[in-house]
Amino acid sequence: MNILKDSFGRKFPYIRLSISDVCNFKCGYCLPNGYKIDKSDNRTFINIEEIGRLAKALSELGVSKIRLTGGEPTVRKDFLDIVKIIKKNSGIKKTVITTNGYRLDKIAEQINESGLDGINISIDSLNPKIFEQITGHNRLQEILSGIEKLQKLNFKNIKINAVLLKGVNDTEKDFKDWSNFIKKNKIDFRYIELMQTGDNIDYFKKYHVSANKFVKYLIKNNWVIQTFGKDSGPAKNYINPEYIGKFGVIAPYSKDFCKSCNRLRITAKGDLRLCLFGNTGINIRHLMQKDNQIDQLKDLILKQLNYKKESHHLELGETGLTKNLSTTGG
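Structure report, in brief. Predicted, not measured: the structure shown is a model, and the values here were computed from it.

What counts as what
Residues numbered from 1 in each chain as written. Predicted model: local features only at pLDDT ≥ 70, side-chain atom pairs only at ≥ 80, totals over all residues. Heavy atoms only, no water. Axes fitted to C-alpha atoms, helices over the stretch in contact; angles between N-to-C directions. Helix = DSSP H or I, 4+ residues; strand = E, 2+ residues; numbered from the N terminus. Parallel < 35°, antiparallel > 145°, perpendicular 65-115°, else oblique. Left-handed = near helix turned anticlockwise from the far one by under 90°. Contact = heavy atoms within 4.5 Å. Nonpolar A, V, L, I, M, F, W, Y, C, P; charged D, E, K, R; others polar. Disulfide = S-S within 2.5 Å. Buried < 20%, exposed > 50% of the residue type's maximum accessible area, 1.4 Å probe, protein only. Phe/Tyr/Trp six-rings, centres within 6.5 Å; stacked < 30°, edge-to-face > 60°. Lys NZ or Arg CZ within 6 Å of the ring centre and 35° of its normal. Salt bridge = Lys/Arg side-chain N within 4 Å of Asp/Glu carboxyl O. Pairing = 2+ DSSP bridges. Right-handed = clockwise from strand over helix to strand, strands pointing away.

**What about the packing of helix α6 (residues 172-184) against helix α8 (residues 212-220)?**
Next up, step 1: Closest axis-to-axis distance for the α6/α8 pair is 11 Å, and the angle between their directions is 60 degrees. When the axis of α6 is compared with that of α8, the two are oblique. As α6 packs across α8, the resulting crossing turns out to be right-handed. For the pair α6 and α8, the contacting residues are Glu172, Phe175, Lys176 and Ser179 in the first and Lys213, Phe214, Tyr217 and Lys220 in the second.
Next up, step 2: Classifying every residue of the contact of α6 with α8 by side-chain character gives three nonpolar, one polar and four charged.

Take a look at the structure:
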């Protein structure tokens, strides 16, 4: 079996697959004016048959985990069918999703029945007013109700993500609110350091704060760093025996962040991206059309790994092809 590995020896068992650019939230750090159709690119989103072939090829390349992202992946009417085709036909061991939690209280049972192995939910604050300020939606309670329903259904792998924003959700009170939440809930919570993209430069300058602010809080309160799993994402996780849940930090501006990179990205229109903030990408969709193209598809993906760079240069303000996070799956 060929294994996805780059020239620096990094292996890639983890793929982030965007299935839609569309998002129904208006988060300030991503789509402050809501989703706008890119009229310069009239390609449709990859369809379920293409996704099935792609997942099979990735499995044969040693990929063990696919994360479905967007935009917001659940806006696709065939979202649950996509989960099922990956689970049944590809050999991928783990299929998970990142979602904004929209209608989670309504679809929790369907998600549980779909066979999904995990769910990441974006909740930037437990304060309803701040949540609405960031997202443009007064839906915090619906999302929390959806999480509660998943827990009652014994859905195991629930994580919550929040983007750390200076002066908005970065106070000691915010940190304590999340501490109280995971003390009684078996849920992993992670702060993600705000990242600069092509469209959010002014927002970034105003709201960026180093993830070290949260790390210092963790260390002060006796949280201990945990080792990585082979298909784990970019978070550094912290544990405390007094808590049921875990804390995590995703700090893309930290030293040596890229050394632990184990993931590639494929956009909703079939472009392979070697790095979230890279300057290169190639469309691989033309090799997802027939079952007998799978070997060619694998060869093309393998060859592209030769072009993956050792590191992004986000700290220098180089954001690559990423205009906003909805276009590349975050």
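**As for the environment of Lys205**
Next up, step 1: Mapped onto the fold, Lys205 is located in helix α7 (residues 201-207).
Next up, step 2: Along the primary structure Lys205 and Leu194 are separated by 11 residues, whereas in three dimensions their C-alpha atoms are 9.9 Å apart.

**Things to note about the state of the cysteines**
Next up, step 1: Counted under the stated rule, the structure contains zero disulfides.
Next up, step 2: With no disulfide of its own, Cys23 lies closest to Cys27 among cysteine sulfurs, the gap being 6.2 Å.
Next up, step 3: Take Cys30: it sits in no disulfide, and the sulfur closest to it among the cysteines is that of Cys23, at 6.7 Å.
Next up, step 4: What makes Cys30 buried here is its relative accessible area of 16%.

**Regarding the packing of aromatic side chains**
Next up, step 1: Following the criterion strictly, the structure yields 15 aromatic pairs and no others.
Next up, step 2: Between Lys65 and the ring centre of Tyr14, over which it is positioned, the NZ or CZ distance is 4.7 Å.
Next up, step 3: Taking NZ or CZ as reference, Lys183 lies 5.1 Å from the ring centre of Tyr243, over its face.

**Structural notes on the pattern of salt bridges**
Next up, step 1: Under the definition given, this model contains 16 salt bridges.
Next up, step 2: In this structure, Asp291 engages Arg53 in a salt bridge whose closest nitrogen and oxygen atoms are separated by 2.9 Å. Remark: Arg53 occurs in helix α1 (residues 48-60) and Asp291 occurs in the loop between β12 (281-283) and α9 (294-304); sequence separation between them is 238 residues.
Next up, step 3: The exposure class of Arg53 is buried, given its relative accessible area of 17%.
Next up, step 4: With a shortest N-O distance of 2.9 Å, Asp78 and Arg76 are connected by a salt bridge.
Next up, step 5: Owing to a relative accessible area of 21%, Asp78 belongs among the partly exposed residues under this scheme.
Next up, step 6: With a relative accessible area of 13%, Arg76 lands in the buried category.
Next up, step 7: Taken together, the shared-partner salt bridges connect Asp41, Arg43, Lys269 and Asp271 into one network.

**Notes on the pairing of strand β1 (residues 14-18)**
Next up, step 1: Most of β1 is tucked away, with five of its five residues classed as buried.
Next up, step 2: With burial as the criterion, each face of β1 is covered, one bearing Tyr14, Arg16 and Ser18 and the other bearing Ile15 and Leu17.
Next up, step 3: Alignment of β1 against strand β2 (residues 65-69), held across five bridges, turns out to be parallel. Note that in β2 the partner of Ser18 across the bridge is Thr69.
Next up, step 4: Between the parallel elements β1 and β2, the chain passes through α1 in a crossover that is right-handed.
Next up, step 5: Of the pairings in the sheet, the one linking β1 to strand β10 (residues 263-266) comprises four bridges and is parallel in character. When the sheet's bridge partners are listed, Ile15 is paired in β10 with Leu264.

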